[in-house]
Amino acid sequence: MNIENKTVLITGANRGIGRALVEEALKRGAKRVYAGTRSPFQHSDKRVNPLTLDVTNAEHIQRAVSEIGTLDILINNAGIAMYDDLSKPDVIEQHLAVNMFGSLNVTRAFLPLLKRSKGAVVNNLSTSALAPLPIIPAYSISKAATLSMTLSLRALLAGQRVTVHAILTGPVDTDMTRSVDFPKASPESVAQRRSQGARTPVRSFRTGECCEGCVTSSRTINEKKSKRKERLVIK
Ligand SMILES: NC(=O)c1ccc[n+]([C@@H]2O[C@H](COP(=O)([O-])OP(=O)(O)OC[C@H]3O[C@@H](n4cnc5c(N)ncnc54)[C@H](OP(=O)(O)O)[C@@H]3O)[C@@H](O)[C@H]2O)c1
């Protein structure tokens, strides 16, 4: 995706992958980066415009639209993940409210600007949209729903020259995964690869070339499998 001279809005821009995406967009020559955050945010680069944006808050969304005159790329990155076992409906609702409805409502609000610029929407999803993780089923449900929403929007907007992309990210080393011990990609490497091009989700998932996190995880799993096979042979 060409970011040079483009105006980009990134939600959840203050930390983790969102923060890395801000830096990557600047590195790639973005003209302006709107950093959507829930708490005050500052950046030394004058191209960065902080924007108060809780994606579940309709007033914030409307104010953001009126503050941004033109937009080429919207990156729906804001997200939450909580451990659960599907026993509490309100936990599922919270995930859907931020991860799915947040992305959808922000996208819908910015559509007039995106149609004008023939722009792009990029939704930061997760491989758990396709392969749910039992420790975070509510999160997985919300990412699966957002993948479906993304594909529907892609079809609905195809004739209006707005492209809609899903990026299926594997495990990344951020606050979200801090307490889980498995191989993770750095947020910077994910931001870099994502900016190079949003791949089609199904192909990325099937080929296991989604991102560094996926590659590292699948390599570790394969190594463990082959060690197990070796042990079986020795017996
Ligand atoms: N880390 C991973 O392994 C991984 C893997 C696949 C996909 N992802 C996806 O990548 C995205 C970023 O995750 P991350 O790992 O960078 O997580 P993170 O470090 O926990 O950051 C989450 C970001 O989302 C923001 N956020 C949460 N609720 C929000 C709301 N209602 N409105 C606006 N912003 C909100 C947070 O803002 P505050 O600072 O105000 O809380 C923070 O900036 C998420 O969509 C996540 O699902 C992550």
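Residues numbered from 1 in each chain as written. Predicted model: local features only at pLDDT ≥ 70, side-chain atom pairs only at ≥ 80, totals over all residues.

## Section: the overall build of the chain
- Looking only at helices and strands, the chain has 7 helices and 6 strands in total.
- In sequence order, the secondary structure elements of the chain are arranged as β-α-β-β-α-β-α-β-α-β-α-α-α.
- Across the 235 residues of the chain, 42% fall into the buried class.
- Considering only residue pairs separated by 6 or more positions, the chain has 66% of its internal contacts joining residues 24 or more positions apart. (Helix = DSSP H or I, 4+ residues; strand = E, 2+ residues; numbered from the N terminus. Buried ≥ 20, exposed ≤ 12 C-beta atoms within 10 Å, placed from the backbone. Contact = placed C-beta atoms within 7 Å.)

## Observations concerning the nonpolar core
- One finds Val8, Ile10, Val33 and Leu74 to be the most contacted residues of the largest nonpolar core, which totals 44 residues.
- Every residue in contact with isoleucine 10, bar those within four places of it in the chain, is listed here: Gly18, Leu21, Val22, Val33, Ala35, Gly36, Ile75 and Asn77.
- Judged by nonpolar contacts, the second largest core, of 6 residues, contains Ala81, Ile136, Ile141 and Met176. (Core = buried A, V, L, I, M, F, W, Y, C linked by C-beta atoms within 7 Å.)

## A closer look at the pairing of strand S6 (residues 163–169)
- Most of S6 is tucked away, with 6 of its 7 residues classed as buried.
- Sheet topology note: the strand S5 (residues 120–126)/S6 ladder contains 7 bridges and is parallel. When the sheet's bridge partners are listed, leucine 125 is paired in S6 with leucine 168.
- In this fold, S5 hands off to helix H4 (residues 137–157), which returns the chain to S6; that crossover is right-handed. (Pairing = 2+ DSSP bridges. Right-handed = clockwise from strand over helix to strand, strands pointing away.)

## With respect to the sheet that holds strand S2 (residues 32–37)
- The 6 strands lie next to each other as S3-S2-S1-S4-S5-S6, forming an open sheet whose pairing is parallel. Edge positions in the sheet fall to strand S3 (48–52) and S6, since each has one partner strand and no second. Within this sheet the neighbouring strands show an average axis-to-axis angle of 20°, counted without direction.
- Examined bridge by bridge, strand S4 (residues 73–76) and S5 share 4 bridges and lie parallel to one another. Its bridge partner lying in S5, isoleucine 75 is registered against valine 122.
- Those strands touched by helix H1 (residues 16–27) are strand S1 (7–11), S2, S3, S4 and S5, and its axis lies near 170° from that of S1.
- Strand contacts of H4: S5 and S6, with the helix running at about 160° to S5, the strand carrying the most contacts. (Axes fitted to C-alpha atoms, helices over the stretch in contact; angles between N-to-C directions.)

## Examining the site of the ligand
- Inspection of the region around the ligand gives 29 residues, with Gly12, Gly16, Ala78, Gly79 and Thr174 positioned closest.
- Listing elements by their share of the shell around the ligand, those giving two or more residues are H1, helix H3 (89–117) and S5.
- Counting residues per element, the shell around the ligand draws most heavily on H1, which supplies 3 residues.
- Residues belonging to the shell around the ligand are distributed by class as follows: 10 nonpolar, 15 polar and 4 charged. (Near = placed C-beta within 6 Å. Nonpolar A, V, L, I, M, F, W, Y, C, P; charged D, E, K, R; others polar.)

## Quick notes on the packing of H3 against H4
- Two numbers describe how H3 lies on H4: the axes approach to 8 Å, and their chain directions differ by 20°. Considering the angle they form, H3 stands roughly parallel to H4. The hand of the H3/H4 crossing is right-handed. Contacts from Val91, Ile92, His95, Leu96, Asn99, Met100, Ser103, Leu104 and Thr107 of H3 reach H4 at Ala138, Tyr139, Ile141, Ser142, Lys143, Ala145, Thr146, Met149 and Leu153.
- Within the contact of H3 with H4, the residues separate by chemical class into 11 nonpolar, 6 polar and 1 charged. (Parallel < 35°, antiparallel > 145°, perpendicular 65-115°, else oblique. Left-handed = near helix turned anticlockwise from the far one by under 90°.)

## Remarks on H1
- For H1, which comprises 12 residues, the first-to-last C-alpha distance of 17 Å matches the rise-based estimate of 16 Å (1.5 Å per residue) to within 8%.
- Counting buried residues along H1, 9 of its 12 residues qualify, which places the element largely inside the surrounding structure.
- When we look at burial in H1, the residues that qualify are Gly16, Ile17, Gly18, Arg19, Ala20, Leu21, Val22, Glu24 and Ala25.
- Immediately downstream of H1, the backbone of glycine 29 shows phi near 85°, a positive value. (Expected span 1.5 Å × (residues − 1).)

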